[in-house]
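Listed below are the residues making up each chain.
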Amino acid sequence: MALRLCMTAFNANRCRLRHPGRKLDMCTAEATASLLQAEETFSACLAQIDALIFKPLLQAEPHDQRGKDNFKLFLLLNDRFQALWNFTEECYRILKQKCSTSESFCIQDFYTVRKGELFVRLYVQYFVTFANYVVVHGFEHATKSKSEAWKHHKTVLKQFLTDFTSETSTSLALYVVLHKPIRDHVEQYVLLLTKLNEALKEGPEKDLVTGAIKEYMKLESFISQVLDEACFTKALWKSLGYKFTDMLCVPERRLLEDSRNLPISTSTNRSDRILLFDDVLVLIQGNSFQSFDLKLVWVDKNCREKLAPGVYGLRIITPEETFLLSARDPQVKAVWRWKLNQAIRQALNGKRDFPLWGKTGEGTEPLSCRCFSYDFKLEGKFKSATYEGEWRWGKPHGKGTLKWRDGRNHVGDFKEGLEHGFGICLVPRRSEDRYDCYKCHWYEGKMRGYGICEYGNEMVYKGYFKDNMRQGFGILENFSADHPFKYTGQWENDKKNGYGVWDDKDRGERYIGTWHDDHKHGQGIVVTQSGICYQRTFHAGKMVGSGILLLEDDSVYEGNFMEDLTFVGKGKLSFANGFVLEGTFTNKSGQGLQTQGILNTSNEQLDDRITKAGTEDVSWKIEDILEELVQQQELKSLHCYLEKALKSSLHPLGKLLKALMIAFQATYSGIGANRHLLTLAQEEVKYYAKKIWEFYQGLLHLALEQKGQLPTKSVDGETSDQNACSIVLPLILPCFYPELFMLYMLYHEREDDLYCQGIVDLSLLPDIKLLEFLDVQKHLWPLKDLTLTTNQRRSLIKDKCFLSATECLQKLITTVDPREKLVILQKTYEEIESTVSRVVEKDYKLPMDDLLPLLMYVVSRAKIQHLGAEIHLIRDLMDPTNQGGLYDFLLTALESCYEHIQRMRLHQRENCHGTHSP
């Protein structure tokens, strides 16, 4: 069927096109009349198509599933047809009304110009739906319908389609009738608007019509490409077996390229055929196929693999597979690369180009960074997981979320396919309906650095990780009512290893000492809730050997005792009055403690160990170590050498240190655990450091003489003392620390009690009230999200402000070296300053007026139990070179906070007593 155009001229005096100030010529009037006639004829044609084709077919609803699916698509095609017909009728009505009622009208009165975008959209929608129907063989299935409605209208339809007689020709006739008149009408629009454009002079009207012509010409190209793609895709489905068609055939899917038409193959020869659709890339081999969503396909033109001569490759990257496409012709490779990239780009944009392969798509590469969801299927770390987030070259990269079927999920940063940066991971517990929540930093797929883990069994770990295991300093706390505890110390390979403090809140005990593989191991001090304190050696969590037990009445027992602290075997009991009972102790059921021994009341006991240590024949082969002494004189190597020598029981320095340890423990562990001997004890440790340094100097002098070298120039006494304090003292201090720190705890017990009571009072205050109480300036508060007024309810936020500084200060108890304690104090200050700088959004150096309140806040939240003992130990044993410097300043600030908290508690007590006094 062909549409006819009656080029009837309307009376120019009755119907004129105008622009203000001038009238249009006769050619313009003729074009208008032609357009009016074309719309009238086209509208009549659409009415005939609706009556003879759409209405009969809409009554012939099939019963099979495939037919029902096609019928739904035909219903949509009918809706698109009705919209296009309504638009044509409206265009004709308006144009006719203007011509009949107005003497003249402007270019804007042309509906096809004024409503050009709507015109194009309606035609695009119709032909896209028409092409979808063609792809699924819709007309073939429709003409095979056995319904009575179809049989009734078939005769009339054949009269309308006089050139077609057979069933096959009927489906072809339907195909032609439902697209050719509409396509021809678009071509006529271009011709009529072109004739109108030729009649116009240069000006806004001509530019408007020229723009409309360009859009309609693009629409012509689009229609042609849509129909070609539909026929190309339809032919593919006809050539493939039902197995592939059932799984791959989708009405909206279009075949863009076929390796049988443009030869290309995979490098592994695993594919018989490669098909590029507008949404997926399909590799077919035998009776199976693989499909790859184009939104997650990357094309790398720089093939890194070596190829055979005359072979040109494209590297295809997908989330779980990377493979090569190889061609024998460089032009074929270029075409495939261009089509792949344009298809990927259009899939990412969610729409095809207009026209489909027009200039808008040329030369633009798809983005390498994308944001989509994907389900991992192959074996690997992410198997059965769904990732939703940012991608880059086939790997999760940027912000994203991973979810597994078993309930695990990870939200955070990714880099090149692995968790990298901060992330939050939830892991379900197998036996409980709870989760372990890891809030941590990740490095190349594993936890590394600082993090917080909130376990589902009510335990919380705050500390450092390495390779998914707790490593370094960390705090593990159990908040459950069954067995509450807190461990603060070192970790290695997810276990407690090194120095750590264990608070058993249920039993009221605290263990201070070393650990190995989650067990108490080595020297340790235990303080009980009742005030009893004892030192003991542990092995795999159990007490071994003898120990020292300090009782509530200041009596000291040295010897073996059970876990329930009952004396057993040989031992010595030193009473507070100086009496000493030495003998064998037993504890029989029902008979109480029994002993057989000697009670000495002379108060002149001398430990045999001291005598033995003083008279021990220290001998060694000096020639074996002279060479090493001479070589290890540089400061760094000297430190390592002395550390190794002092730990060796075969080296003269190690033997000397061991003898001094025996003497020190004998003097200060038993009856010596008296606070009044603190000054003597700490001076004695300094004296030991000095003597060991002098001993080393003497050995070095001897070694140089043996080698015939001149001894180094002797240093003065002050320099020698400084070397002893700065080099030797930190190395030997751990050997004397348990006894020494116990004396510091006893000596400053009253001050620490007042301080702890003040800490308890301050801990009851939420963050904001505590900041107000300490007079911290409000512009330094790290609570930018809160707007506070006098009438507002105060925030209940607690233990969140300056958290990094608080956790840093808590590390003070994890080391025995005064130098390391001062470094921790400096880092605490830096964390405070860093937090304040972030709040005020500039570098901020804290003056003393600001530092003291903020430091007091951190001290109150850190809750270090024996802070007074820590401060005085640092002050007494720190390197003299640090006096007057930054360390000294920070230590003074810490002392001020400690004393202020004590005075605050005393002041509260005085006020309380004053209120109740007569």
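Our subject is the structure listed above.
In this text the structure is predicted, and so the values were computed from the model without any measurement. (Residues numbered from 1 in each chain as written. Predicted model: local features only at pLDDT ≥ 70, side-chain atom pairs only at ≥ 80, totals over all residues. Heavy atoms only, no water.)

A word on the sheet that holds strand β7 (residues 280–285)
Spelled out, the test is: Any two strands between which DSSP finds at least two bridges are classified as paired. A helix here means a DSSP run of H or I that spans at least four residues, while a strand means a run of E at least two residues long, and both kinds are numbered starting from the N terminus. Think of each axis as a best-fit line through the C-alpha atoms, taken over the contacting stretch in the case of a helix, with angles from 0 to 180 degrees between the N-to-C directions. We call two residues in contact whenever any of their non-hydrogen atoms come within 4.5 Å of each other.
With antiparallel pairing, the four strands of this open sheet are ordered in space as β4-β6-β7-β8. With one partner strand each, in any of the chains shown, β4 (255–258) and β8 (288–293) form the two edges of the open sheet. Across this sheet, the average inter-strand angle for adjacent strands is 20 degrees, counted without regard to direction. One ladder, built from six bridges, connects β7 with β8; its direction is antiparallel. Residue pairing for β8: V280 is matched across the bridge by D293. In the packing of helix α9 (residues 204–239) onto the sheet, the strands contacted are β4 and β6 (273–277), and the crossing angle to β4 comes to about 60 degrees. In the packing of helix α11 (residues 330–349) onto the sheet, contacts are made with β4, β6 and β7, and the angle to β6 comes to roughly 40 degrees.

A word on the nonpolar core
The tendency in soluble globular proteins is for nonpolar side chains to be buried side by side. Spelled out, the test is: Take the buried Ala, Val, Leu, Ile, Met, Phe, Trp, Tyr and Cys residues and link them wherever side-chain atoms come within 4.5 Å; each set so joined is a nonpolar core. Each residue is placed in one exposure class: buried if its accessible area under a 1.4 Å probe, protein chains only, is under 20% of its type's maximum, exposed if it is over 50%, and partly exposed if it falls in between.
L642, I732, F802, V859 and L867 are the most contacted members of the largest nonpolar core, which has 88 residues in total. It is helix α17 (residues 717–747) that contributes the most residues to this core, 14 residues altogether. Those residues in contact with V859, other than ones at most four positions away along the chain, are Y755, I759, L809, L867, L894, C897 and I901. Core analysis: the second largest hydrophobic core is formed by 70 residues, F54, L84, C91 and V135 among them.

Quick word on the environment of L296
Considering the arrangement of structural elements, one finds L296 in the loop between β8 and β9 (298–300). Among the residues examined, L296 registers a relative accessible area of 3% and is labelled buried. In this structure the C-alpha to C-alpha distance between L296 and R370, which are 74 residues apart in sequence, comes to 8.1 Å. Not counting chain neighbours up to four residues away, the residues in contact with L296 comprise I317, T318, P319, R370, F372, S373, Y374 and W391.

Here we look at unusual backbone geometry
The phi dihedral of S384 falls on the positive side, at around 70 degrees, and the residue is not glycine. Mapped onto the fold, S384 is located in the loop between β12 (369–375) and β13 (385–392). For N468, which is not glycine, the phi torsion reads 70 degrees and is therefore positive.

A closer look at the pairing of strand β21 (residues 485–492)
Of the strand pairs in this sheet, strand β20 (residues 469–478) and β21 are connected by seven bridges, and their pairing is antiparallel. Each residue of the ladder has a partner; that of G472, found in β21, is W491. Joining the antiparallel neighbours β20 and β21 is a turn of six residues. Taken together, the seven bridges between β21 and strand β22 (residues 495–504) define a ladder with antiparallel strand orientation. Bridging from a neighbouring strand, T488 pairs with V501 of β22.

Some points on the pattern of salt bridges
Defined as follows: A pairing counts as a salt bridge when a side-chain nitrogen of Lys or Arg comes within 4 Å of a carboxyl oxygen of Asp or Glu.
Tallying each qualifying case throughout the model produces 34 salt bridges. Ionic pairing is found between D518 and K496, a salt bridge with its closest N-O pair at 3.2 Å. Of this pair, D518 sits in the loop between β23 (509–516) and β24 (519–527) while K496 sits in strand β22, placing them 22 residues apart in sequence. Each of E229, D278 and R352 takes part in salt bridges that share partners, so that together they form one network.

Some words on the sheet that holds strand β5 (residues 265–266)
Within the open sheet, the four strands sit side by side as β5-β11-β10-β9. Their pairing is antiparallel. What marks the edges here is a single partner per strand, and that holds for β5 and β9. Pairing of β9 with strand β10 (residues 312–317) involves three bridges; the strand directions are antiparallel. For V299, the partnering residue across the bridge sits in β10 and is I316.

Regarding the pairing of strand β26 (residues 542–550)
Direction of pairing for strand β25 (residues 533–539) relative to β26: antiparallel, over a ladder of six bridges. Its bridge partner lying in β26, T537 is registered against V544. Between β25 and β26, which pair antiparallel and follow one another directly, the connecting turn spans two residues, one of which, A540, has a positive phi of 55 degrees. Relative to strand β27 (residues 556–561), β26 runs antiparallel, the two being bridged by four bridges. Paired with G547 across the bridge in β27 is G559.

Details of the packing of aromatic side chains
For clarity, the threshold we go by: Pairing of aromatic side chains requires ring centres within 6.5 Å, counting the rings of Phe and Tyr and the six-membered ring of Trp. Pairs whose planes differ by under 30 degrees are stacked, by over 60 edge-to-face, and all others tilted. Either the NZ atom of lysine or the CZ atom of arginine qualifies as a charge over a ring when it sits within 6 Å of the ring centre and within 35 degrees of the ring normal.
A complete count under the given rule lists 43 aromatic pairs for this structure. Here the aromatic rings of F376 and F382 are separated by 5.4 Å at their centres, their planes lie at 65 degrees, and the arrangement is edge-to-face. The pair formed by F376 and F382 is uniform in burial state, with each residue classed as buried. For the pair Y755 and Y898, a centre-to-centre distance of 5.1 Å together with 45 degrees between the ring planes defines the contact as tilted. Of this pair, Y755 sits in helix α18 (residues 749–763) while Y898 sits in helix α24 (residues 886–916); the two residues are 143 residues apart in sequence, bridging distant segments of the chain. Of the two residues, Y755 and Y898, neither departs from the other in class, the shared state being buried. Ring pairing ties together the aromatic residues F54, F74, F81, W85, Y126, F127, F130, Y133, F139 and Y175, which thus form one cluster. Directly above the ring of W404 sits R408, whose terminal nitrogen or CZ lies 4.2 Å from the centroid.

Section: the side chain of D752
Rules: Note on charges: Lys and Arg go in the positive column, Asp and Glu in the negative column, and His and the chain ends are not counted at all. Here a polar contact is recorded for every N or O atom pair within 3.5 Å, except that within protein the pair must consist of a potential hydrogen donor and a potential acceptor, and residues adjacent in sequence are included only if both atoms are side-chain atoms.
Tracing the sequence through the fold places D752 in helix α18. No salt bridge forms around the buried D752; measuring N to O, its nearest opposite-charge neighbour R510 is 9.4 Å away. A polar contact is formed between the side chain of D752 and the side chain of Y898, at a distance of 2.7 Å. Excluding residues within four positions of it along the chain, D752 makes contact with Q865, H866, L867, G868, A869 and Y898.

Overview of the environment of F292
Relative to the helices and strands, F292 resides in strand β8. Note: C-alpha distance between F292 and L276 (16 residues apart in sequence) is 9.9 Å.

Looking at the packing of helix α14 (residues 635–647) against helix α16 (residues 678–706)
Which entries qualify depends on this criterion: Any angle from 65 to 115 degrees is called roughly perpendicular, while one under 35 is roughly parallel, one over 145 is roughly antiparallel, and all others are oblique. Asp, Glu, Lys and Arg are counted as charged, while Ala, Val, Leu, Ile, Met, Phe, Trp, Tyr, Cys and Pro are counted as nonpolar; the rest, among them Gly, fall into the polar class.
Packing of α14 against α16 leaves a shortest axis separation of 13 Å and a crossing angle of 105 degrees. Judged by the angle between their axes, α14 and α16 are roughly perpendicular. For the pair formed by α14 and α16, the contact residues are L638, L642 and L646 on the first element and I692, W693 and Y696 on the second. Along the lines of polarity and charge, the residues of the contact of α14 with α16 split into six nonpolar, no polar and no charged.

Observations regarding the packing of helix α21 (residues 818–840) against helix α22 (residues 848–862)
Think of two packed helices as two axes; the pair is described by the angle between the axes and how far apart they sit. Basically, it comes down to this: Throughout, a crossing is termed right-handed when the near helix is turned clockwise from the far one, and left-handed when it is turned anticlockwise from it by less than a right angle.
The N-to-C vectors of α21 and α22 enclose an angle of 110 degrees; their axes lie 11 Å apart at closest approach. Here α21 is positioned roughly perpendicular relative to α22, judged by the angle of their axes. Handedness of the α21/α22 crossing: right-handed. Across from T828, Y829, I832 and V836 in α21, the residues of α22 making contact are L851, L854, L855 and V858. Each residue belonging to the contact of α21 with α22 can be placed in one class, and the counts come to seven nonpolar, one polar and no charged.

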